[in-house]
Amino acid sequence: MKTPLPQQLVNDDASLIRREVFTSTEIYQWEKQFIFARSWLFLAHESQIPNPGDYITTYMCETPVIVARGEDKKIHVSLNSCSHRGLPVCRADRGNAKRFICPYHNWSYTVEGALHTVPQEKKLTAPVDKTCLGLKQVPRINSYCGLIFGSFNEEIESLHDYLGDMRWYLDCMFDRYNSGVEVIGSAHKWRINANWKLPVENQLGDVGHGPYLHGSLLKGTPQVDELETFGFNVVPKPGHGLALRLMPENSPVEKCMWGTDGMAAMDKEVNQYLIEKHREVEERLGKVRGRMKCLTYGVYPNFSFLWGNNTIRITHPRGPSQIEYWSWWVVEKNAPDYIKRKLRENYTFFFGPGGVLEQEDAEAWSQQHKGSAIDFMDSTPLYYGLGAGDEQKHTEIPGLTGSCFNELYAREFYKKWRSDIEKGLHAQGLQK
Amino acid sequence: MNSELIMKVNPFYYREARLLDERCYQQWLALLSDKIEYTVPARHVAQLDNAKRETEAFLNREQEFSNQLLENGMEPPIRDEKYLHLMIRVMRSLKMIAWTENPPARTRRFVSNIEIVSEKENTIDVYSNTLLYYSRHEHDNYLYSYQRQDVLEKQPTDFRLLKRVVLLDNVVINSPSAGLFF
């Protein structure tokens, strides 16, 4: 059966999404070519590779890469595949190395990705031109607030412009403290049988599901009341999104600090820490952002951040029907160990592969994927129209905003998604 | 090793596994000390240390958990829980709208290789292996394989679980949740 055109998959206001968007192998190939190969993709946080030789291995969509700090102290991103026979040259999740060595014939590469040694070379009479046999480099690399992004698209706009007004919101966490933030430990990784866009759209601003899917823990809590009163979702630039609570002016500090308030209330020291930090935050980010309690963030296409539980995450696609979800813990660098431990508990108990809330999200995404894969539903697309038309500009914060249950964040994502697929298909048509 | 002790430890583990497979979570809670420390460290593919080659330390598993097994380690485990957390999980599972427990999973825990590693006055250290088969909905089926490093507190007739460290054999967990009672 022929895959429908992008305008049939997502209607003009993106209130209706055809189900094969989440299941089709052909659409997934389009996404690889026209979205993942063309966008800025999140790779790592600079705190993970502070010293020359430090590296982590990760993926750009399904493509394995090494993100390393070179001897020149700059960040280098190489494809993890030997130029000779294609084997991975780096086989650990993280570490510090002088050389990456391919197991097969022991070709070795510098951490910057240059081919250093071909052991067979001295046994041959014909020379090997090593200069053009380095590891393939990711052509564009840039950082914002320590967040390292890479792109396969040499012509892509600057990361600064790509993020646009999302930067104003990213500052809230990544430029929040005088001492900065750090990512501690390896990523928690787990597989979910779901399409990659489902966790992404959840983190873009679907806070409305909280009291329902997570009702066993959240229903009837003051946090939910606060969310429904002061919460909304924001689209600073189509494709990116976030959800937050903007507390009214002159709210007491206890009502404004961070967003781990439910858990902080249980611990005096954390409570005190958050109050002190709130003063620092007002100084650094100003009064308006001092009243903002952010919830979830999404940067197009697959980087997410869950504010109140200190986790940054990447949705790595593994085909159209599975993801490998990666979640890292991020925390203020100079926070006392006791505070860090408490915030860590606030991450792992609720989120990550063992989290009581996260397990329910995984359930929803895999069940939505099941619902997208059934036959005879071509005329029954999924409905993304809640709140359409009531979104507006806000006087205090940048971007388009919608009420807590407005699905603006998802519509703007799928409009951008459709536009990227259309552009890609069009360009291919012209090439033919 | 004290064979009488093993004769008492084995039934404790078989009973625990049966209570969990039968979803008698409140009865399972009664097997825990109220001071329980329950952790599931995260594992990663570690870069081996050339300086340790030719020794068993070269292949030491602990490096795959980085500092999580140490008292003051700061890297985040997958789970780091006390009695309260486990109690919340149990209470939650009995609610109609706990969507990951309703309908409930069908599980089977195969506990083997039960080994008393050391015995102290009030406690014993016991290692065991577990294979957990998990089946939910129509055919969402997963396997979990792990070692448990437990500290059991001696009681007049049996034991209470004082500490459990669950060492999963996966780096990438191949199931949607590690929020089970392992």
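No experiment lies behind these values; they were computed from the predicted model shown. (Residues numbered from 1 in each chain as written. Chains lettered and ligands numbered in written order. Predicted model: local features only at pLDDT ≥ 70, side-chain atom pairs only at ≥ 80, totals over all residues. Heavy atoms only, no water.)

Novice: Give a description of the overall build of chain A that names residues and reports values.
Specialist: Helices and strands together make up the secondary structure of chain A, namely 15 helices and 21 strands. Rg of the C-alpha trace for chain A: 23 Å, near the compact-globule value of 22 Å for 432 residues, within the 12% margin. C-alpha atoms of chain A, sized along the principal axes, occupy 80 × 55 × 35 Å. A buried classification covers 59% of the 432 residues belonging to chain A. Residue pairs at least 24 apart in sequence account for 66% of intrachain contacts in chain A once pairs closer than 6 positions are excluded. With an accessible surface of roughly 17,300 Å², chain A has 51% of that area assigned to carbon and sulfur atoms. The centroid of the 50 positive side-chain charges in chain A is displaced by 6 Å from the centroid of its 53 negative side-chain charges. (Helix = DSSP H or I, 4+ residues; strand = E, 2+ residues; numbered from the N terminus. Rg over C-alpha atoms; globule rule 2.2 N^0.38 Å. Buried < 20%, exposed > 50% of the residue type's maximum accessible area, 1.4 Å probe, protein only. Contact = heavy atoms within 4.5 Å. Areas by Shrake-Rupley, 256 points an atom, 1.4 Å probe, with all protein chains shown as cover. Lys, Arg positive; Asp, Glu negative; His and termini not counted. Charge placed at Lys NZ, Arg CZ, Asp CG, Glu CD.)

Novice: Residue-level account of the overall build of chain B, with values.
Specialist: Helices and strands together make up the secondary structure of chain B, namely three helices and seven strands. Computed over its C-alpha atoms, the radius of gyration of chain B comes to 17 Å, within 12% of the 16 Å expected for a compact globule of 182 residues. Considering only C-alpha atoms, chain B reaches an extent of 55 × 40 × 30 Å along its principal axes. For chain B, the proportion of its 182 residues judged to be buried stands at 47%. A fraction of 60% describes how many contacts in chain B between residues 6 or more apart in sequence connect residues 24 or more apart. Split by element, the accessible area of chain B, about 9,400 Å² in all, is 51% carbon and sulfur. Side-chain charges of chain B comprise 24 positive and 26 negative groups, with the mean position of each set lying 6 Å from the other.

Novice: Just give me the short version of the packing of helix 11 (residues 268-285) of chain A against helix 13 (residues 337-348) of chain A, but keep the residues and values in it.
Specialist: Residues and elements named next belong to chain A. As a packed pair, helix 11 and helix 13 sit with axes 10 Å apart at the nearest point and diverge in direction by 100°. Between helix 11 and helix 13, the interaxial angle falls into the category roughly perpendicular. Counted together, Glu269, Val270 and Tyr273 of helix 11 and Tyr338, Ile339, Lys342 and Leu343 of helix 13 form the full contact between these two elements. Tallied by class, the residues present in the contact of helix 11 with helix 13 amount to five nonpolar, no polar and two charged. (Axes fitted to C-alpha atoms, helices over the stretch in contact; angles between N-to-C directions. Parallel < 35°, antiparallel > 145°, perpendicular 65-115°, else oblique. Nonpolar A, V, L, I, M, F, W, Y, C, P; charged D, E, K, R; others polar.)

Novice: Lay out the interface of chain A and chain B with the relevant residues and their values.
Specialist: Every contact between the two is made by 43 residues of chain A and, on the other side, 41 residues of chain B. Summed over both partners, the interface of chain A with chain B buries about 3,500 Å², with 53% contributed by carbon and sulfur atoms. Counting across the chain A and chain B interface gives five salt bridges. Of the charged contacts in the structure, one is a salt bridge between Arg344(A) and Asp80(B), with a shortest N-O distance of 3.1 Å. (Buried area = accessible area lost by both parts, 1.4 Å probe. Salt bridge = Lys/Arg side-chain N within 4 Å of Asp/Glu carboxyl O.)

Novice: Could you give an account of the sheet that holds strand 8 (residues 108-110) of chain A, naming the residues involved and the relevant values?
Specialist: Residues and elements named next belong to chain A. Taken in spatial order, the three strands of this open sheet run 7-8-9, and their pairing is antiparallel. Every interior strand has two partners, whereas the edge strands, strand 7 (99-101) and strand 9 (115-117), have only one. Averaged over all adjacent pairs, the angle separating strand axes in this sheet is 40°, with direction ignored. (Pairing = 2+ DSSP bridges.)

Novice: Got a sec to walk through the sheet that holds strand 7 (residues 172-173) of chain B? Specific residues and values, please.
Specialist: The strand order across the open sheet formed by ten strands is 20(A)-21(A)-13(A)-14(A)-15(A)-16(A)-17(A)-18(A)-12(A)-7(B), and the pairing between neighbours is mixed. Each edge of the open sheet is held by one strand with a lone partner, namely strand 20 (392-393) of chain A together with strand 7 of chain B. Sheet topology note: the strand 12 (residues 181-192) of chain A/strand 7 of chain B ladder contains two bridges and is parallel. The partner of Lys189(A) across the bridge, within strand 7 of chain B, is Val172(B). Along the sheet face, helix 4 (residues 166-174) of chain A touches strand 12, strand 13 (231-235), strand 14 (241-246), strand 15 (292-299), strand 16 (303-306), strand 17 (311-317) and strand 18 (323-332) of chain A and points at about 115° away from the line of strand 15 of chain A.

Novice: How would you sum up the pattern of salt bridges? Please name residues and give values.
Specialist: By the definition in use, this model includes 44 salt bridges over all chains. Linking Arg191(A) and Glu324(A) is a salt bridge whose minimum nitrogen-to-oxygen distance equals 2.8 Å. With a gap of 133 residues between them, Arg191(A) in strand 12 and Glu324(A) in strand 18 connect regions that are remote in the sequence. Looking at Arg191(A), the relative accessible area reads 26%, which means it is partly exposed. The closest approach of N and O atoms between Arg291(A) and Glu396(A), which form a salt bridge, is 2.5 Å. A residue pair is termed long-range when its members are at least 10 positions apart, and Arg291(A) in the loop between helix 12 (287-290) and strand 15 and Glu396(A) in the loop between strand 20 and strand 21 (400-403) qualify at 105 residues. With a relative accessible area of 9%, Arg291(A) lands in the buried category. What emerges from the salt-bridge pattern is a single network uniting Glu16(B), Arg148(B), Asp150(B) and Arg164(B).

Novice: So, the nonpolar core: which residues are in play, and what are the values?
Specialist: Counting 142 residues, the largest nonpolar core has Leu244(A), Tyr297(A), Tyr414(A), Trp417(A), Val9(B) and Phe182(B) as the members making the most contacts within it. Those residues in contact with Trp417(A) that sit more than four places away from it in its chain are Leu9(A), Val10(A), Val21(A), Ile27(A), Glu31(A), Ile35(A), Trp196(A), Lys197(A) and Tyr300(A). By size, the runner-up hydrophobic cluster in this structure holds 16 residues, among which are Tyr55(A), Cys90(A), Tyr109(A) and Val118(A). (Core = buried A, V, L, I, M, F, W, Y, C linked by side-chain atoms within 4.5 Å.)

Novice: Outline unusual backbone geometry, listing residues and values.
Specialist: For the bond running from Tyr300(A) to Pro301(A), omega is 0°, close enough to zero to count as cis. Inspection of the secondary structure assignment puts Pro301(A) in the loop between strand 15 and strand 16. One non-glycine residue with positive phi stands out, namely Cys61(A), at about 60°. Locating Cys61(A) in the fold gives a position in the loop between strand 3 (54-60) and strand 4 (63-69). Exposure remark for Cys61(A): the relative accessible area of 5% places this residue in the buried category. A positive phi angle, near 50°, is found at Ser66(B), a position not held by glycine.

Novice: With reference to specific residues and values, describe the environment of Ile78(B).
Specialist: Among the secondary structure elements, Ile78(B) is positioned in the loop between strand 1 (32-40) and strand 2 (79-81). Through-space distance from the C-alpha of Ile78(B) to that of Ala42(B) is 5.3 Å; in sequence the pair is 36 residues apart. Ignoring anything within four residues of it in the chain, the contact list for Ile78(B) reads His188(A), Thr348(A), Pro353(A), Gly354(A), Val40(B), Pro41(B), Ala42(B), Leu168(B), Ile173(B) and Ala178(B).

Novice: I'd love a proper account of helix 4 of chain A, names of residues and values included.
Specialist: For helix 4 of chain A, the buried fraction is high: eight of the nine residues fall into the buried class. Taken together, the buried positions of helix 4 of chain A are Met166(A), Arg167(A), Tyr169(A), Leu170(A), Asp171(A), Cys172(A), Met173(A) and Phe174(A).

Novice: Pulling in residues and values, what's your account of the packing of helix 5 (residues 197-205) of chain A against helix 14 (residues 358-372) of chain A?
Specialist: Residue and element names in this part refer to chain A. Packing of helix 5 against helix 14 brings their axes to within 9 Å, and their N-to-C directions diverge by 130°. In terms of orientation, helix 5 lies oblique with respect to helix 14. The two elements helix 5 and helix 14 meet at a crossing, and its hand is right-handed. Seen from helix 5, the contacting residues are Leu198, Pro199, Glu201 and Asn202; seen from helix 14, they are Asp361, Trp365, Gln368 and His369. Looking at the contact of helix 5 with helix 14, its residues break down into three nonpolar, three polar and two charged. (Left-handed = near helix turned anticlockwise from the far one by under 90°.)

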